[in-house]
Amino acid sequence: MNSTLSQLRGAFTPTQRLHERSAFLGTIDSTFRGIGQVIFINNPLSGLIFALAIFLYRPWAGLLFVAGSYACTLFAHLLDYPLERIRSGIYTFNGSLVSLLLANFLTPQWNFGILIYAIIAAAISVPLMHAGLVLLTERLGIPTLSLPFSLVGLTVLLLIPTVAYGYANHALLSPVARVLASPNVALRPSHHGDPVPFAEGVVQAIIRGVSETFLLNSPLVGILVLVGILLSSTISAAAALVGSTVGAGLGLLLGADGYQIFGGLWGYTGALAAVCLFGPTAIFKPTWSSGILAIVTAACAAFLFGSLGQYLAPLGVVPLSLPFVLVTMAAVLAAQGSSRFSFNADRG
Amino acid sequence: MNSTLSQLRGAFTPTQRLHERSAFLGTIDSTFRGIGQVIFINNPLSGLIFALAIFLYRPWAGLLFVAGSYACTLFAHLLDYPLERIRSGIYTFNGSLVSLLLANFLTPQWNFGILIYAIIAAAISVPLMHAGLVLLTERLGIPTLSLPFSLVGLTVLLLIPTVAYGYANHALLSPVARVLASPNVALRPSHHGDPVPFAEGVVQAIIRGVSETFLLNSPLVGILVLVGILLSSTISAAAALVGSTVGAGLGLLLGADGYQIFGGLWGYTGALAAVCLFGPTAIFKPTWSSGILAIVTAACAAFLFGSLGQYLAPLGVVPLSLPFVLVTMAAVLAAQGSSRFSFNADRG
Amino acid sequence: MNSTLSQLRGAFTPTQRLHERSAFLGTIDSTFRGIGQVIFINNPLSGLIFALAIFLYRPWAGLLFVAGSYACTLFAHLLDYPLERIRSGIYTFNGSLVSLLLANFLTPQWNFGILIYAIIAAAISVPLMHAGLVLLTERLGIPTLSLPFSLVGLTVLLLIPTVAYGYANHALLSPVARVLASPNVALRPSHHGDPVPFAEGVVQAIIRGVSETFLLNSPLVGILVLVGILLSSTISAAAALVGSTVGAGLGLLLGADGYQIFGGLWGYTGALAAVCLFGPTAIFKPTWSSGILAIVTAACAAFLFGSLGQYLAPLGVVPLSLPFVLVTMAAVLAAQGSSRFSFNADRG
């Protein structure tokens, strides 16, 4: 790889000092770095590709996604939080996910009230992220990850279907009674649909698992997300695929609902865990030990997705990124004080 | 204001050394300071007015309230906890709330068993408060607030309706199935009653919101609580009204159940948050920034009341002060390291 | 007591350096110390008696119990965790409980898949215990206790009855609708069975409470567990009996379901709390104050068992050791900074 191309990869150095020339362009750069941080990539080009993927999937979702992300960047400046973190997108990505979540669960599209609603909900994640960084990361040595997104998201999803002006899409937020019956394990694209061939179903499950890291169930989004990750780091793209495969594989081994597996729900937590833990800019240096750690963590995250999903189903909500967040926090703590694992100096 | 009157306000200095002359009178002073601390006021005269309000509302509740509060003060002495905190009422107010809660949810009145029950439950909050102060406040820099009350309260409310000698008022503790239907938004004094004029409903909602900081739905209590706060601090009284207004306003904006809003349930968390965060003896110094912070925190507390209410409704219990506690903890952390906010030296 | 016998008691010194002579024998010694640590006893002879009790109760459960325990010891070595802790059984006992839990809730017996399943689930508790020790014990001064067991156990019990290859015994994991009816308080050995005489019922409840510290409802196991504790410490055996009595007594006082009380469910958390807090190698030195603390903590743990049981019943799961863990953590924090309580130097 020549040096020009290498500058575009990893933490993308060319625009790192952009804010010194133009405050406005700096906030744009921070926003797209933040969008990249949804999957732990500090690279505005990757963020641009992720945003494009969502625009292509549904323009209204793309609009809310970018608007919410930009609002978070501005709000972090307003609150005078540390510049270096703002510029790395650390205060932005939780809000990116919050606004995207509301694009999925609120209805109708192209509604000005929902735009305002999404921007406010996204912005609330900024002080919550700072609170998490102060308490968890600085005082307790635990990465905060997307915990603020999950907390804001669950809080919103619990309330909005029960108020008159909540814009909730009730069809997506209905309580599910807990039943202890054996599910239909066949991989299939709809709940009552016909199964697809196994190999096709597995490939779909893996790609859709990568897509679900952005809360969307779409092979096109999955492929574009992989391209965006690949642009920044080949290892991270491989980790995303392996993590999603581990999660989907665990779902198949346990005999989970094949519709859930097909849709990527068993894969996304694993993809997040693997990218977060394993890679040149990940929490751990890429070694054999951290590779195994990432795989085990991905499997545990998928298992916890299943458990928390059962816990939350009677309330009509889903566990969002909580399974990934909790398991990854535990993995980081579990590796401290063991000689088997090497942390990257700039993460944690 | 002349200096004699000013001595009666704020932290009420005349009795601060009372325990040096009489241990007994010291415990009385601590107890009424603790009753004042229910709404973060270290002033026994305010506490006296609050206790009076509850006696007027229902004498049996007043008896349990004062007895539980006094038991906590004594128990804190028995456990040899720091004198300065005992004398400020810090170990008392959680138990005040616990005993008042049991006065509301246990039946019948004037029952000796319930008196004993309330005193024991209140006393348990004392070591729990110390545990919170050691872990949260000292080690993690988070205010403990009324977390012990919420934990003891929820623990008791979950169990007592399912045991034979729990004295539970089953009518108030029935599970509510989660329904995703649009609620009746009209402000009204009973669930199936007629709506009141909007302006009257809003005033009722705000005053009852102040009353609900003491777990009671009564305009008389609301007004007396305001008088008690006013005696200590004009700013705090204004903050209570603004906080309650913000919460009730958010409920109206979202289209929450108008019966809940009317009864002050959307206002009390906001009132608590605003008094706790904004004022001469509050966590933050009163500035424009901390004013906006208090308003945003009040709105978030009200929103979280709605969400946690939905979460707990199928269990037949209510979130007590948990929404206020969690949001206020987050607000304190979110303000740390930002130049926008100034902490009062003696709080935090 | 002569010095030879005294060597066998307490922390059992004769094998403390066994790993220096034989790595294999060292892992065996660590494993049985770990089994002893289920009830906070660092003594492989006690562990041997506990394992024997479970083999006698149900050989398949004994096999899973020992296999899961041994797997944890090996896994802790593989992860290069501190040798001293491994040798005290600290990394083993959570996995002992996890594998025993799966022996109870999975079906059929003598199934190779379940053996593998139990070993993997047990092993996951090892890094989780290390995470707990790093975060809770080292950074926050809170004992981690069997929190990892409860977290792994609840995660597994929530998911397995809803997947096709989960081996779940559905009869034991059915959701229970929350009903606010007065339960049958008569002590009795089956849900719809006839009551036994009160005195017999109380004795059964106490002994079965000790048995339930190992998740089993059996007077034989209860007696053998007492013998195992007695071998290490007379005070600890007395504490187990008193703790179980306190819990059962509270259940009777509150009017809890007599079938639950009879089966030891109201006693086991109290037994765990009392042994953990009071004794020569417990968290507190045995004094009058710590005795009262242990009794109050036992009562609170039993109360929380009732509450959390109600919270979890609609999900078809039980609170495992969570009530004991949470209350004991709070008790340790509540005693810090009070002159009334003396900590043992080597615990905490």
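Please refer to the structure placed before this passage.
Residues numbered from 1 in each chain as written. Chains lettered and ligands numbered in written order. Predicted model: local features only at pLDDT ≥ 70, side-chain atom pairs only at ≥ 80, totals over all residues. Heavy atoms only, no water.

A. Local environment of the relation of the copies chain B and chain A. After a rotation of 120° and a shift along the axis of 0.0 Å, chain B superposes on chain A with an RMSD of 0.0 Å. Both chain copies can therefore be described as sitting about a three-fold axis. A share of only 9% of the interface residues of chain B reappears at the interface of chain A, consistent with the copies meeting through non-equivalent patches. (Least-squares fit on C-alpha atoms with pLDDT ≥ 70 in both. Contact = heavy atoms within 4.5 Å.)

B. A look at the relation of the copies chain B and chain C. Overlaying chain B with chain C gives an RMSD of 0.0 Å, the required rotation being 120° about an axis along which the chain moves by 0.0 Å. An overlap of only 9% is found between the interface residues of chain B and their copies at the interface of chain C, pointing to separate contact surfaces.

C. The arrangement of the pattern of salt bridges in detail. Inspection of every chain in the model, using the stated rule, returns 15 salt bridges over all chains. Of the charged contacts, one joins Arg17 of chain B and Glu20 of chain B as a salt bridge, the two residues approaching to 3.2 Å between their closest N and O atoms. Glu20 of chain B shares its class with Arg17 of chain B; the two are exposed. Each of Asp29, Arg33 and Arg87 of chain A takes part in a single network of salt bridges with overlapping partners. (Salt bridge = Lys/Arg side-chain N within 4 Å of Asp/Glu carboxyl O. Buried < 20%, exposed > 50% of the residue type's maximum accessible area, 1.4 Å probe, protein only.)

D. Structural context of unusual backbone geometry. Here Thr107 of chain B and Pro108 of chain B are connected by a cis peptide whose omega angle stands at 10°. For Tyr167 of chain B, which is not a glycine, the phi torsion comes out positive at approximately 60°. With respect to the helices and strands, Tyr167 of chain B occurs in the loop between helix H9 (147–159) and helix H10 (198–212). By relative accessible area, Tyr167 of chain B is classed as partly exposed at 32%. In this model, Trp110 of chain C sits at a positive phi of 50°, which is unusual for a non-glycine residue. Tracing the backbone shows Trp110 of chain C in the loop between helix H7 (93–105) and helix H8 (112–140). By relative accessible area, which is 55% here, Trp110 of chain C ends up exposed. (Helix = DSSP H or I, 4+ residues; strand = E, 2+ residues; numbered from the N terminus.)

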